[in-house]
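# Topology and contacts: notes
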Amino acid sequence: MPPMPARERLRRWAASPWVLLASVGVGAGLGLWAPRAARMAAPVGEVYLDLLTMCVLPVMMTALVSAVARALGSGAGLHYLRRLSVVFALVLLAGAAVGIAAGTLVGPGGGLSPERQVMFGARVLEAEAGPGSGAVAQGGGLVGFIRGMVPENPFQAAAAGSSLPLVLFCLLVGLALGGLRNERAVTALQVTEAAYEALLKIVAWVMLGLPVGLASLVADRVASTGGELILAMGRFVLALYLGVLVLALLLGALTWLRAGGSPLAVLRAVRGPLLVGLGTSSNFATIPSALEAAAGGLRRDRVGVNLLVPLGVSLCLPGSALYFALASLFVAQLYGVPLGVEQYAIVAIGSALAAVAASDAPGMAGIGTVALVLDPLGLPVSVAVILLSVIDPLVDPAVTVADVHGNLTATALVVGKADGA
C-alpha cells in the first residue's frame, strides 16, 4: 500500500475532531490565563476568519443558482420548497420552545440579589448615558424585514455581506436560468457549477489552517468577555447552554432517524461545520463545510443540499430562536411580569420571526430584533439589548452551533438520499 501523501495527512490532521477540540481548549485557556497573549494572537484569528469568509458568499450564490436551475429542470424544486417551509417553521418553533422551557426551569431573571439588581441598573445607566447610546436600535418590524429582503442593488448587497437580499436574487437568477432551456443556459449553468467546485477547492485549502485559526479566535473571544457582569448573568448563560444541549440532542436524534446508521456516524458527519461555527460564531462561515457534511457525511442529494443549506443559513436558525425566547423570559422575570398562555405563544412565534430578522442585522441591531417579542409584551427593549450585548461574545458560539445543527437537520429531513447512497 503506497504511503499517504503529505497533503492528505495534513488535511486529516486539520479535520480531526480531537485536534479541533484541543484547539478550542488551548484558545480558552489562553484567553483565561494569558489574556495579553490572547489579544496578541487575535489578528491571526481575524485574518483566518477573513480567509474563510472570503469565499462564503460566492459559494452560496453559485450553489443556490445551480441548485435552483437543476431543481427546476428536474421538477424537484417545488417538492423541496413545499416541504422546507413546514420543516423550517417547526425547527424554529422547537428552538423557541426549548428556550421557553430553559427559561422557566432555570429562571435566570428571577430572585436576583439586591447587589446584582444594582449592578444591572448601573450597567444600563452607563450604556444609556455613554457615547453611541442611540445605536441601541429596536427591531425594524416585519415590514422593515420584508423590505430588507429586496435588494436595490445586488452588487451592493454582496459588498455589504447582506445574505437575505442575495438569497432572493440568486433564487430569481436560478429560476430564470432553469426556465431558459437553451444551449447558452446549459453553458452558463456548467460555468456556475465549475466556479462552485473551484471555490470549494479554495475553501479546502483554507481549512488546513483551521486548528490555528480556531485557537486564536477562541482565545480572543474569551479574553475580551467581561467577567463581573458575566458572573451576575451566570444563570442566563447556564440556561442558554442547557437549552442548546437539549436542542442539540433533539436535532441529533432527528438527523439520526432520518439519515440512518449509527448515532456516532451522524455525529462524525456533522462535526466539521459545528466546530467551525463554534470557533467563528458565524453561520455564513460554515456554509462550505455544511454543504459537504450534508452531501457527503449525511449522503443527501447534492442538488437539494445546494438549495436548502444556503436558504437555511438565513431562514432556519433554531439557536437564535432559543436565544430570543430565553432573553424575553429573562426580561419578564427581571421586571416581575407574569406570562400566561397567550404571552408564551407571542414569545414562541416572535422569537422565531426575530431569529430570521436578525440573520442579516449587524451587531447590536441583530440583538435589537428582540423587540419583535418584547414590544407586544410591553417590556423595555433597551435593557435587554444592553445586557445581552455584554455576554453576547460568550453565548454567540453556542447559538451558532445550534443554528448550524438545525440547518443540517432540516436539510436531512427535507432532502432524500443521493443516488447510490
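Look a little higher up for the structure.
Structural notes, computed from the coordinates.

Parameters and conventions
Residues numbered from 1 in each chain as written. Predicted model: local features only at pLDDT ≥ 70, side-chain atom pairs only at ≥ 80, totals over all residues. Heavy atoms only, no water. Helix = DSSP H or I, 4+ residues; strand = E, 2+ residues; numbered from the N terminus. Expected span 1.5 Å × (residues − 1). Buried < 20%, exposed > 50% of the residue type's maximum accessible area, 1.4 Å probe, protein only. Phe/Tyr/Trp six-rings, centres within 6.5 Å; stacked < 30°, edge-to-face > 60°.

We now examine helix 13 (residues 234-259). In a regular helix each residue adds 1.5 Å, so 26 residues correspond to 38 Å; helix 13 covers 37 Å between its end C-alpha atoms and thus fits that length. Among all positions of helix 13, only Phe236, Val237, Ala239, Leu240, Gly243, Val244, Leu247, Leu251, Thr255 and Ala259 are buried. One or two residues past the end of helix 13 sits Gly260, with phi positive at roughly 80°.

What follows concerns the packing of aromatic side chains. This model, assessed by the stated rule, comprises 3 aromatic pairs. For the ring pair Phe236 and Phe330, a centre distance of 5.3 Å and an interplane angle of 65° mean the geometry is edge-to-face. With a gap of 94 residues between them, Phe236 in helix 13 and Phe330 in helix 17 (residues 318-334) connect regions that are remote in the sequence. Overall, Phe236 belongs to the buried group, its relative accessible area being 0%. Ring centres 5.8 Å apart and planes at 25° place the aromatic pair Tyr323 and Phe324 in the stacked group. There is no split in this pair, since Tyr323 and Phe324 are both buried. Here the aromatic cluster, defined as three or more aromatic residues joined through ring pairs, consists of Phe236, Tyr323, Phe324 and Phe330.

For Ser281, which is not glycine, the phi torsion reads 55° and is therefore positive. By the secondary structure assignment, Ser281 is in the loop between helix 14 (263-280) and helix 15 (287-297). The phi angle at Arg299 is positive, at roughly 60°, despite the residue not being glycine. The topology assignment puts Arg299 in the loop between helix 15 and helix 16 (302-315).

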